[in-house]
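An overview of the molecular structure
Residues per chain, in single letters:
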Amino acid sequence: MIDLHYYPSTASMAPHILLHELGVPHRLVLVDRTQNAQKMTGYLKLNPNGLIPVLTDASLVLYESAAICLHLCDTHRDTGLAPALGTPERAHFYKWLMWLTNTLQATLIVYFYPERLVNAGNAAGALQVKAQAELKIGVLLDQLDAELAQQAQMHAQPWLLGARYSAVDIYTLMLCRWTRNFDSEPARGRTHLGPYLQRMLERPAVIRAFAAEGLELPWV
C-alpha cells in the first residue's frame with residue numbers, strides 16, 4: 001500500500017491528485033506542520049530535508065514532489081498521464097515539469113519565505129525580497145498564459161502539452177493555487193489560465209483530492 005505523507009495545500013497536492021487520477025489505492029498520513037512534525041526525528045528519517053511530501057511503498061521511500069509524480073507516471077504508463085518515453089512530447093513533459101518545480105515553485109517559495117534570504121530581523125529586506133518575487137511570479141504566470149494561448153489556436157480545450165491532459169497540468173494547478181491570495185493578479189485572473197484552472201477543478205480526481213484534504217471553496 002502506498003502512503004503519502006502530506007499536509008493540505010502544500011507540495012503534496014500534486015502527487016495526491018495524481019494518485020486519484022491513476023486510481024491507485026493509497027493512504028494519507030498527515031504531517032502536522034502546525035506542530036512542526038516535518039522537523040521531528042521520525043519524519044527526518046524519511047526526508048532529511050524536513051519537507052513535505054514523502055511517498056512510501058514497501059521499501060521505497062521517495063521525496064521531492066516532481067520525482068514522486070514522475071515515478072507514479074512511470075509505474076502506471078498505461079494511464080497516459082505522461083507521454084511515451086523517447087518521444088518529443090515526453091521531452092516537453094520533462095521541460096514543463098522541471099520548469100514548474102525549478103523556476104515557478106522555487107520563486108513561490110521565495111515569496112512565501114522571504115525571511116530566509118535576509119539577515120535575522122531584517123523585516124524591510126524581507127518585504128523587498130517578497131515584492132520582487134511577486135513581480136517575477138507574475139512574469140512566469142504570463143508565460144504560462146501565453147503557452148495556453150498558443151495551444152488554444154490548435155485545440156478547443158487545450159492542456160499545457162496540447163490536446164492531452166497530463167501530470168504537468170496537475171502540477172500547474174497546485175502552483176497556480178498558491179497565488180490565489182496575491183495582492184497582484186492571481187493566476188485565475190489571466191485570460192487563458194482562468195478557464196484552464198476551472199477545467200481542472202471539474203475533474204473528479206481533483207474534487208476527490210481536495211475533499212480528502214478538507215479544503216474549502218474557492219479552491220483557486
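Whatever comes next refers back to the structure up there.
Residues numbered from 1 in each chain as written. Predicted model: local features only at pLDDT ≥ 70, side-chain atom pairs only at ≥ 80, totals over all residues. Heavy atoms only, no water.

Here we take up unusual backbone geometry. A cis amide bond links Ile-52 to the next residue, Pro-53, at an omega of 15°. Mapped onto the fold, Pro-53 is located in the loop between helix H2 (41–44) and strand S3 (54–57). With a phi close to 70°, Ser-9 is a non-glycine residue in the positive phi region. One can find Ser-9 in the loop between strand S1 (2–6) and helix H1 (13–22). (Helix = DSSP H or I, 4+ residues; strand = E, 2+ residues; numbered from the N terminus.)

Evaluation of the coordinates by the stated rule reveals seven aromatic pairs. Both rings, one in Tyr-111 and one in Phe-182, keep their centres 4.4 Å apart while their planes meet at 40°; by these two values the pair is tilted. Separated by 71 residues along the polypeptide, Tyr-111 in helix H4 (residues 88–112) and Phe-182 in the loop between helix H6 (167–177) and helix H7 (193–201) bring together distant segments of the chain. Taking the relative accessible area as the measure of exposure, Phe-182 reaches 8% and is therefore buried. Of the aromatic side chains, those joined through ring pairs into one cluster are Tyr-111, Phe-112 and Phe-182. Geometry around Tyr-113 places Arg-116 over its ring, the cationic atom sitting 3.9 Å from the centre. (Phe/Tyr/Trp six-rings, centres within 6.5 Å; stacked < 30°, edge-to-face > 60°. Buried < 20%, exposed > 50% of the residue type's maximum accessible area, 1.4 Å probe, protein only. Lys NZ or Arg CZ within 6 Å of the ring centre and 35° of its normal.)

Grouped together as the largest cluster of nonpolar side chains are 60 residues, with contacts concentrated most on Leu-18, Leu-104, Leu-144, Tyr-171, Leu-173 and Phe-210. Every element with two or more residues in this core is listed here: S1, H1, helix H3 (65–74), H4, helix H5 (123–152), H6, H7 and helix H8 (204–212). The next biggest cluster of nonpolar side chains, apart from the first, holds six residues, and it includes Tyr-7, Val-31, Ile-52 and Val-54. (Core = buried A, V, L, I, M, F, W, Y, C linked by side-chain atoms within 4.5 Å.)

The next point concerns the sheet that holds S3. Taken together, the four strands give an open sheet; going across it, the order is S2-S1-S3-S4, and neighbouring strands pair in mixed fashion. Of all the strands in the sheet, the pair left with one neighbour each is strand S2 (26–30) and strand S4 (60–63). For this sheet, the mean inter-axis angle between neighbouring strands, taken without regard to orientation, is 20°. Across four bridges, S3 lies against S4 in antiparallel orientation. Bridging across to S4, Leu-55 finds its partner in Leu-62. The strands touched by H3 within the sheet are S1, S3 and S4, with S4 carrying the most contacts at an inclination of about 130°. (Pairing = 2+ DSSP bridges. Axes fitted to C-alpha atoms, helices over the stretch in contact; angles between N-to-C directions. Contact = heavy atoms within 4.5 Å.)

Now for the environment of Leu-140. Turning to its location among the elements, Leu-140 is positioned in helix H5. The class of Leu-140 is buried, set by a relative accessible area of 7%. Leu-140 sits 40 residues away from Leu-100 along the chain, and the two C-alpha atoms are 9.5 Å apart. Those residues in contact with Leu-140 that lie beyond four places of it in its chain are Trp-99, Thr-103, Leu-104 and Thr-107.

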